[in-house]
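# Geometric and topological summary
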Amino acid sequence: MPVEPSVRLKYSSRVVANLKNMLISEIFNSEFITRSGYVEEFFKKYKISREEFNFFLEYSKDLDWLTDQEINSIIEFDEDLDERIKFLFHRFRYSFMTSLRVATRVPPYVLIEPTSICNMRCPMCFQTDKSFTTKEFMGQIDFDFFKSIIDQCHELGVGAITLASRGEPTLHPRLGEMIEYLNGKVMEIKLNTNALRLTKDLSEKILNSDISHLVFSIDSHLKDEYELIRIGGDFDKVFENVSVFWELRNSPKYKSKKIRVSISGIKLLDTQNQFEFKKFWENYSDDAYLNYPEERWNTYANQKHPELRKSCLYPWERMYIWHDGTVNPCDVDYKSFLSPGNLKDIGSIETCWRQLNSLRASHLSQNRSMINPCDRCGVYHECER
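Moving on to the packing of aromatic side chains. Taken as a whole, this structure holds 35 aromatic pairs when the rule is applied. Summarising the aromatic geometry, the rings of Phe-92 and Phe-96 are spaced 5.1 Å apart at their centres and angled 15° between planes, so their arrangement reads as stacked. Taken together, the positions of Phe-92 and Phe-96, both in helix 6 (residues 81-99) and 4 residues apart, correspond to about one turn of that helix. In this pair, the class of Phe-92 matches that of Phe-96, namely buried. Chaining the aromatic ring pairs together yields one cluster made of Phe-28, Phe-32, Phe-42, Tyr-46, Phe-53, Phe-55, Phe-56, Tyr-59, Trp-65, Phe-89, Phe-92 and Phe-96. The side chain of Arg-101 reaches across the aromatic face of Trp-316, ending 5.6 Å from its centre.

Moving on to the pattern of salt bridges. In this structure the tally under the stated criterion is 23 salt bridges. Where Glu-113 meets Arg-166, a salt bridge forms, and the shortest distance between an N and an O atom there is 2.7 Å. Here Glu-113, found in the loop between strand 1 (109-112) and helix 7 (143-156), pairs with Arg-166, found in the loop between strand 2 (160-163) and helix 8 (175-182); they are 53 residues apart in sequence, far enough to count as distant. One exposure class covers both Glu-113 and Arg-166, and it is buried. The salt bridge partner of Lys-223 is Asp-236, with a shortest N-O separation of 3.2 Å. Of this pair, Lys-223 sits in helix 10 (residues 223-229) while Asp-236 sits in helix 11 (residues 235-249); the two residues are 13 residues apart in sequence, bridging distant segments of the chain. Through salt bridges that share partners, Glu-70, Arg-91 and Glu-188 make up one connected network.

Okay, the packing of helix 1 (residues 13-27) against helix 5 (residues 68-77) next. Packed helices, taken two at a time, are described by the angle between their axes plus the distance between the axes. At their nearest, the axes of helix 1 and helix 5 sit 11 Å apart, and the two run at 70° to each other. On the basis of the axis angle, helix 1 is roughly perpendicular to helix 5. Contacts from Val-15, Val-16, Leu-19, Lys-20 and Leu-23 in helix 1 reach Ile-71, Ile-74 and Ile-75 in helix 5. Of the residues assigned to the contact of helix 1 with helix 5, the class counts are 7 nonpolar, no polar and 1 charged.

On to the nonpolar core. By size, the foremost hydrophobic cluster in this structure holds 60 residues, and its most contacted members are Ile-161, Leu-163, Ile-206 and Phe-216. Among all residues touching Phe-216, those that are not within four sequence positions of it are Thr-193, Ala-195, Leu-198, Val-242, Phe-245, Val-261, Ser-262, Ile-263 and Ser-264. Formed by 28 residues, the second largest nonpolar core is a distinct cluster that contains Ile-48, Phe-56, Ile-85 and Phe-96.

Let us now look at helix 8. Along helix 8, the residues that are buried comprise Leu-175, Gly-176, Met-178, Ile-179 and Leu-182. One side of helix 8 holds all its buried residues, which, seen down the axis, span an arc of 160°. In the core, the buried residues of helix 8 are packed alongside helix 7, strand 2, strand 3 (188-193) and helix 9 (200-207). Count one or two residues on from helix 8 and you reach Gly-184, which has phi positive near 80°.

This brings us to the side chain of Ser-209. Structurally, Ser-209 can be placed in the loop between helix 9 and strand 4 (213-217). Separated by 3.1 Å, the side chain of Ser-209 and the backbone nitrogen of Ile-211 make a polar contact. Setting aside residues no more than four positions away along its own chain, Ser-209 makes contact with Ile-179, Asn-183 and Lys-257.

Each value, and the rule that gives it
- Residues numbered from 1 in each chain as written.
- Predicted model: local features only at pLDDT ≥ 70, side-chain atom pairs only at ≥ 80, totals over all residues.
- Heavy atoms only, no water.
- Phe/Tyr/Trp six-rings, centres within 6.5 Å; stacked < 30°, edge-to-face > 60°.
- Helix = DSSP H or I, 4+ residues; strand = E, 2+ residues; numbered from the N terminus.
- Buried < 20%, exposed > 50% of the residue type's maximum accessible area, 1.4 Å probe, protein only.
- Lys NZ or Arg CZ within 6 Å of the ring centre and 35° of its normal.
- Salt bridge = Lys/Arg side-chain N within 4 Å of Asp/Glu carboxyl O.
- Axes fitted to C-alpha atoms, helices over the stretch in contact; angles between N-to-C directions.
- Parallel < 35°, antiparallel > 145°, perpendicular 65-115°, else oblique.
- Contact = heavy atoms within 4.5 Å.
- Nonpolar A, V, L, I, M, F, W, Y, C, P; charged D, E, K, R; others polar.
- Core = buried A, V, L, I, M, F, W, Y, C linked by side-chain atoms within 4.5 Å.
- Arc of directions from axis to C-beta.
- Polar contact = N/O pair within 3.5 Å; in protein donor to acceptor, adjacent residues only side chain to side chain.

Structure, rendered in structure tokens:
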């Protein structure tokens, strides 16, 4: 399984203890708990349902499940206590409830695809599948449709959104407007890009937005090695774009921004040195790491894994919305075999999310070997129960 690096805690043990004590004292206050009985008012303010709040009261009294990254994020999200509580509830749904395979009322995390088109052909990616890069699957999202998705997510209380999926987001001509439209509507926003088309203008729009995490997909710190993997990439141009962004982010104009910058790569070749990669790219990011590839360059031709019975986290954690409105729980399944339908037809993100319950049940009952492509996918996550 690919694993992101452990993010270092930025704050002292005293600051962390004070934060936890303040949150616990407020949330477990009898007056606060009583207010939760007013379901509509309470959910609207804290973006949590009555059932989820009761689950929180029962299982989350000490907040020990919080990771260092989550503690950093809560402190930096907002100084207002109510806003911090809202963020805490979001992370409770996103990480704690999903780890127990408890379905939340709405998806904790929605990934929206600006476009399925990519300007590279990396050997470990499904973009090399010529049956995928056809008119049937290629396209870009309509801006008004995108806005309707964001409006629904905001109303429902979806806490995290990523702009990225099967294609390269910077190829969408209105990406800057999408970023601006997200402002004030979602707590955590991530953008993934290969950085080849990252301009200074777009960098400034990102830095002026609510984006909290920017991930550059880069597989080497060496030009020849990079261009051997990133077919269609230009190392010199990518390095220039990333360097400019990092300089801007650390300039007096933007130094107060809390945006986290990561450089994430795939270790595909024996020659790729993970230590040297990290050492080089951490000069231009907050963290840099190489993951091992998932089996996604032709998922549907993969060898089956009948021995794999553990559930995947994705059906509980996230929901993808492709550029044409197709909903899917996973981008390893890039041709949407697992899709419950199209958001444009179904109408409601909440309904789409519920329609994944049968997939969740199959994973929990250890029947993923009966589902294509879950039966040939090596992705799994440990369940905490």
